[in-house]
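# Observations on chain architecture
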Amino acid sequence: MQLSCHCENVKITVTPPSQVTECNCSICSRYMSLWGYYPPGEPRIEIGAAGISSYSWGDNELDFIRCSHCGCITHYETKPGQTNPKVAINFGMERKQVAEVPVRYFNGAELL
Ligand SMILES: [Zn+2]
């Protein structure tokens, strides 16, 4: 399936997720994100001329990526050196396409 940020500067092509994760940690609850996890390099992520920005905090294990033009959070990536490298795609950008996909609720607020 394909998804994109609002202005279509960032386009992602990925196999449909079998489930998505909603997390209540301090960052995910603000982003209202629905994450689907993939091995690094598996989702095809095309970044247009407007570019991307990233945000990292706390233990700095993750880079949250957003479109520099429209500001949508498109995905996050583990930083180099993490034991479980992954890319998480924000399916909150395409809620209709994942309306039938089971949602896993992750209590990140207790862990992070
Ligand atoms: Zn955009």
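Presented here is an overview of the structure given in this document.

The rules behind these values
- Residues numbered from 1 in each chain as written.
- Predicted model: local features only at pLDDT ≥ 70, side-chain atom pairs only at ≥ 80, totals over all residues.
- Heavy atoms only, no water.
- Helix = DSSP H or I, 4+ residues; strand = E, 2+ residues; numbered from the N terminus.
- Rg over C-alpha atoms; globule rule 2.2 N^0.38 Å.
- Buried < 20%, exposed > 50% of the residue type's maximum accessible area, 1.4 Å probe, protein only.
- Polar contact = N/O pair within 3.5 Å; in protein donor to acceptor, adjacent residues only side chain to side chain.
- Contact = heavy atoms within 4.5 Å.
- Core = buried A, V, L, I, M, F, W, Y, C linked by side-chain atoms within 4.5 Å.
- Salt bridge = Lys/Arg side-chain N within 4 Å of Asp/Glu carboxyl O.
- Donors = N, O, S within 2.8 Å, 3.2 Å for Na, K, Ca; no water.
- Tetrahedral: all angles 85-135°; square planar, octahedral: opposite > 155°, others 65-115°.

Take the overall build of the chain next. Counting secondary structure elements, the chain contains 2 helices and 10 strands. In the chain, the succession of helices and strands from N to C terminus is β-β-β-α-β-β-β-β-β-β-β-α. On C-alpha atoms alone, the chain measures out to a radius of gyration of 13 Å, which is about the 13 Å that the 2.2 N^0.38 rule sets for 112 residues. Projected onto the principal axes, the alpha-carbon positions of the chain cover approximately 35 × 30 × 25 Å.

Before going further, it helps to examine the side chain of Ser33. One can find Ser33 in the loop between helix H1 (28–31) and strand E4 (35–38). According to the relative accessible area criterion, Ser33 is buried, its value standing at 1%. Among the polar contacts made by the side chain of Ser33, one reaches the side chain of Trp35 at a distance of 3.2 Å. Beyond its immediate sequence surroundings of up to four residues, Ser33 is in contact with Thr21, Glu22, Cys28 and Asn90.

One finds Leu3, Ile12, Val14, Ile89 and Phe91 to be the most contacted residues of the largest nonpolar core, which totals 15 residues. When contributions to this core are tallied by element, the ones reaching two or more residues are strand E2 (10–13) and strand E9 (87–90). Counting 9 residues, the second-largest nonpolar core is a separate cluster that includes Cys23, Cys28, Ile73 and Tyr76.

So, on to the environment of Asn90. With respect to the helices and strands, Asn90 occurs in strand E9. For Asn90, a relative accessible area of 5% gives the class buried. It is 9.4 Å that separates the C-alpha atoms of Asn90 and Thr21, two residues lying 69 residues apart in sequence. Look past the residues within four positions of Asn90 in its chain and what remains in contact with it is Leu3, Ser33, Leu34, Trp35, Ile73, Thr74 and His75. Within the structure, Asn90 has its side chain in polar contact with the backbone nitrogen of Gly92 (distance 2.9 Å).

Using the criterion set out here, one finds 2 salt bridges in the structure. A salt bridge links Glu46 to Arg44; the shortest N-O distance between them is 3.7 Å. For Glu46, a relative accessible area of 34% gives the class partly exposed. Ionic pairing is found between Asp63 and Lys79, a salt bridge with its closest N-O pair at 3.4 Å. On the criterion of sequence distance, the pair formed by Asp63 in strand E7 (residues 62–67) and Lys79 in the loop between strand E8 (73–78) and E9 is long-range, its members being 16 residues apart.

A few words on the coordination of the zinc ion. Distances from the zinc ion to its protein donors, namely Cys5 (SG), Cys7 (SG), Cys67 (SG) and Cys70 (SG), fall within the range 2.3 to 2.4 Å. Geometry at the zinc ion is tetrahedral, judged from its 4 donor atoms and the angles of 103 to 116° they form at the metal. In the primary sequence, the donor residues of the zinc ion line up as C-x1-C-x59-C-x2-C. For Cys67, a relative accessible area of 2% translates into the label buried. Of the residues examined, Cys70 reaches a relative accessible area of 30% and is grouped as partly exposed.

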